[in-house]
Amino acid sequence: MKKEYLEAGKIVNTHGIRGEVKVMPYCDSPELFCEFDRFFLGKNHTEIAVERSRVQKNMVIAKLEGINTPEEAETLRNKMLYMHRDDLELDEDTYFIQDLIGVQVKDADTDAVYGEIADVMQTGANDVYVVKGTDREYLVPAIPEVVISTDIDGNIMTIRPLDGLFD
């Protein structure tokens, strides 16, 4: 089942004297994080507006609405920031990592089940799915030659392994 709120980053520290916070972004890039003007704070998903944000050494410095002192900012340390799924647009055949975790992976030709996606490694060239089977883990490159179809709603991915991939 798709999550309504997706982890966007974690507030790791305060910054300066105006109530700014330092955020470790979980997005593809800190610049992408800075494009959003609202997030949802903590497990209760309390909406909070972003007055301004900027990138600093792969982190984000953000001024959140209503947080004006270092003491107020300190109360947010280690809290998660979430974004609402509807605030994001994905290209076709692009998925949120959180949606892929737990998806069953099976062979497109034999219907043999290899296991479930346990993790996604972002290698730069292409992602690699870590598929946890009953007795071993498989590393599956997320390339069109291997991944035949992905049905997030049906919780199934079909693949056609390259020769020697699982040997």
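To keep things clear, this report deals only with the structure shown in the data block. Residue numbers run consecutively from 1 along every chain, following the written order of its sequence. The predicted nature of this model means local features are confined to residues of pLDDT at least 70 and side-chain atom pairs, given and counted, to a pLDDT of 80 or more, with totals for whole chains, interfaces and linings taken over all residues. The basis for every side-chain value is the complete set of non-hydrogen atoms in the structure, without hydrogens or water.

**Quick look at the sheet that holds strand S2 (residues 20-25)**
- Two strands qualify as a pair provided DSSP detects at least 2 bridges between them. What counts as a helix is a DSSP run of H or I of at least four residues, what counts as a strand is a run of E of at least two, and both are numbered from the N terminus. As summarised here, the arrangement of the six strands in space is S1-S2-S5-S4-S3-S6, forming a closed barrel in which the pairing is antiparallel. Neighbour-to-neighbour, the strand axes of the sheet open up by a mean angle of 45°, direction not taken into account. Axes here refer to lines fitted to C-alpha atoms; in helices the fit is confined to the stretch in contact. Angles between the N-to-C directions go from 0 to 180 degrees.

**Structural notes on the nonpolar core**
- The definition of a nonpolar core used throughout is a set of buried Ala, Val, Leu, Ile, Met, Phe, Trp, Tyr and Cys residues joined through side-chain atoms within 4.5 Å. Only protein chains enter the area calculation, which uses a 1.4 Å probe; residues under 20% of their type maximum are buried, those over 50% are exposed, and those in between are partly exposed. Ranked by internal contacts, the top residues of the largest apolar core, which has 22 residues, are Ile11, Val21, Phe33, Phe39, Leu64, Leu81 and Met83.
- Listed by contribution, the elements that provide at least two residues to this core are strand S1 (5-15), S2, strand S3 (38-41), strand S4 (46-56), strand S5 (59-64) and strand S6 (80-84).
- It only takes one pair of heavy atoms within 4.5 Å for two residues to be counted as in contact. Dropping the residues within four chain positions of it, Leu64 is found in contact with Ile11, Val21, Ile48, Ala49, Val50, Glu51 and Leu76.
- Formed by 16 residues, the second largest nonpolar core is a distinct cluster that contains Ile117, Val131, Val140 and Phe166.

**Description of the sheet that holds strand S9 (residues 127-132)**
- On the basis of which strands lie adjacent, the open sheet formed by six strands has the order S10-S9-S8-S7-S12-S11 and mixed pairing. Either end of the sheet is taken by a strand with one partner, and the two such strands are strand S10 (137-141) and strand S11 (147-151). On average, each strand axis in the sheet is tilted by 35° relative to the strand beside it, whichever way the strands run.
- The pairing of strand S8 (residues 113-122) with S9 spans six bridges and is antiparallel. For Met121, the partnering residue across the bridge sits in S9 and is Val128.

**A closer look at unusual backbone geometry**
- The backbone of Lys57 shows a phi angle near 50°, a positive value even though the residue is not glycine.
- Residue placement: Lys57 occurs in the loop between S4 and S5.
- Under the relative-accessibility criterion, Lys57 is labelled exposed at 77%.
- A positive phi angle is found at Asn58, which is not glycine, with a value near 65°.
- By the secondary structure assignment, Asn58 is in the loop between S4 and S5.
- According to the relative accessible area criterion, Asn58 is exposed, its value standing at 61%.

These values are about where atoms sit, not about what they do.
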